[in-house]
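# Close look at the chain arrangement
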Amino acid sequence: MDIIELDTSDLARVEERYAAMNTVWHTENPDMPPRSREQWVDAVDDPWPGAGYEHWIAVEDGRIVGGLVLDWPTRDNLTLLGVDLWVLPDHRRRGVGRALHARALERAGALGRTVLIGQAHGEAGRAFAGTVGASWALNEVCRRWEAGTVSEADLDALLAEAWTHAEGYELITWRDGAPDSVIADVAYLNGRMLLDIPMGDIPVEREDIDVDLVRAKDAALDVRKRRRYNAGVLHGGRLVAYTTIALDHGFDDFGWQWITIAHPEHRGKRLGTIVKLANLAFVRSEVPELRTLYTWNADENRHMIAVNEAMGFRVRKIDQEYKQVLA
């Protein structure tokens, strides 16, 4: 078996890797759509702004049997290395995962990174994390929203009640990239994200996000054909809270609930409830076929979990984030 860096100019290999990744993805997430082709094939050579990436594959008898994606921030959090390691189900417990992990350790040293962060799925993933010396850092709870779990009347009533706590605030919505009028506020709020949400035992610092980086990320999402629907609230002309729902290209019935964040000086006004419910209504008015959303929250994030459950999100599974601190 060989561990080699993926040659992204070899389209056959890129396609083979994509198919193998989806085999693993469907094993772990049988009710979700495939990983986005636009991200993993069409944009394989389009780097995510503010980050470095490497793609590695495990090849046995000419066939891809496992893979490794490494990503690392280049503007902040300069000790961290993200590790996405996977092995085909029929090649597990044969040393493939250990060989890929050894390559991750080697690259961490070369890149000057001292903390590896990765997600473990199921008992097998947790057992593997333990065998390579990683320790638990955070529980991430996946919840699913399905149309009809909470009635339209109850959703409307929940939104109306939330507005009674937010006098003087104004709702706005937008598609895809942030408009110029609020983009500086989007950058500020995004930069606070790692400070404001529970991160368990993962050592993180505030992200260095400015307007240029926000624009670059929006452009990268456009390349990946990820449609974004956003709702926010203004106070005194400034954006003080917002949320995003994303839909992958080719899927109108299925989406992802992404960021929801409020400025700390404006908390206690039910702004999270307002933007999430308003955005859900906005998306459904634009894409009436939408039936299912998925979101993840740290199990410590009780406030956001309460908002999500009131909307109809229900627990589907629990994933764990692990970290490995290198000497």
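My aim in this report is to walk through the structure given alongside it, one point at a time.

## Quick word on the pattern of salt bridges
- Tallied over the full model, the rule gives 30 salt bridges.
- One salt bridge in this structure joins Asp31 and Arg316, with 2.8 Å as the shortest N-O distance. Of the two residues, Asp31 is situated in the loop between helix H1 (11-28) and helix H2 (37-42) and Arg316 in strand E12 (residues 314-325); the sequence distance between them amounts to 285 residues.
- Notably, a salt bridge pairs Asp218 with Arg228, separated by 3.4 Å at the nearest N-O pair. Placement of the pair is Asp218 in helix H7 (residues 211-223) and Arg228 in strand E8 (residues 227-235), with a sequence separation of 10 residues.

## What about the sheet that holds strand E11 (residues 292-298)?
- The mixed open sheet is built from 12 strands, whose spatial order is E1-E2-E3-E4-E5-E12-E6-E11-E10-E9-E8-E7. Taken across any chain shown, the strands that pair with only one partner, and hence form the sheet edges, are strand E1 (2-5) and strand E7 (170-175). Adjacent strand axes in the sheet meet at a mean angle of 25 degrees when their direction is disregarded.
- Both strand E6 (residues 135-146) and E11 contribute to a ladder of 7 bridges, which runs antiparallel. Counted as the bridge partner of Val141 is Asn297 from E11.

## A look at the packing of aromatic side chains
- Taken as a whole and assessed by the stated rule, the structure comprises 6 aromatic pairs.
- Through a chain of ring-to-ring contacts, the aromatic side chains of Phe254, Trp256, Tyr294 and Trp296 assemble into a single cluster.
- Taking the ring centre of Phe313 as reference, the NZ or CZ of Lys276 above it sits at 5.9 Å.

## Some thoughts on unusual backbone geometry
- Positioned with a positive phi, Asp176 is a non-glycine residue whose angle comes to about 60 degrees.
- For Asp176, the location among the structural elements is in the loop between E7 and helix H6 (183-196).
- The residue Arg270 is not glycine, and still its phi comes out positive at about 60 degrees.
- Within the element layout of this structure, Arg270 appears in the loop between strand E10 (254-262) and helix H8 (271-286).
- Assessed through its relative accessible area of 36%, Arg270 is described here as partly exposed.

The rules we used
Residues numbered from 1 in each chain as written. Predicted model: local features only at pLDDT ≥ 70, side-chain atom pairs only at ≥ 80, totals over all residues. Heavy atoms only, no water. Salt bridge = Lys/Arg side-chain N within 4 Å of Asp/Glu carboxyl O. Helix = DSSP H or I, 4+ residues; strand = E, 2+ residues; numbered from the N terminus. Pairing = 2+ DSSP bridges. Axes fitted to C-alpha atoms, helices over the stretch in contact; angles between N-to-C directions. Phe/Tyr/Trp six-rings, centres within 6.5 Å; stacked < 30°, edge-to-face > 60°. Lys NZ or Arg CZ within 6 Å of the ring centre and 35° of its normal. Buried < 20%, exposed > 50% of the residue type's maximum accessible area, 1.4 Å probe, protein only.

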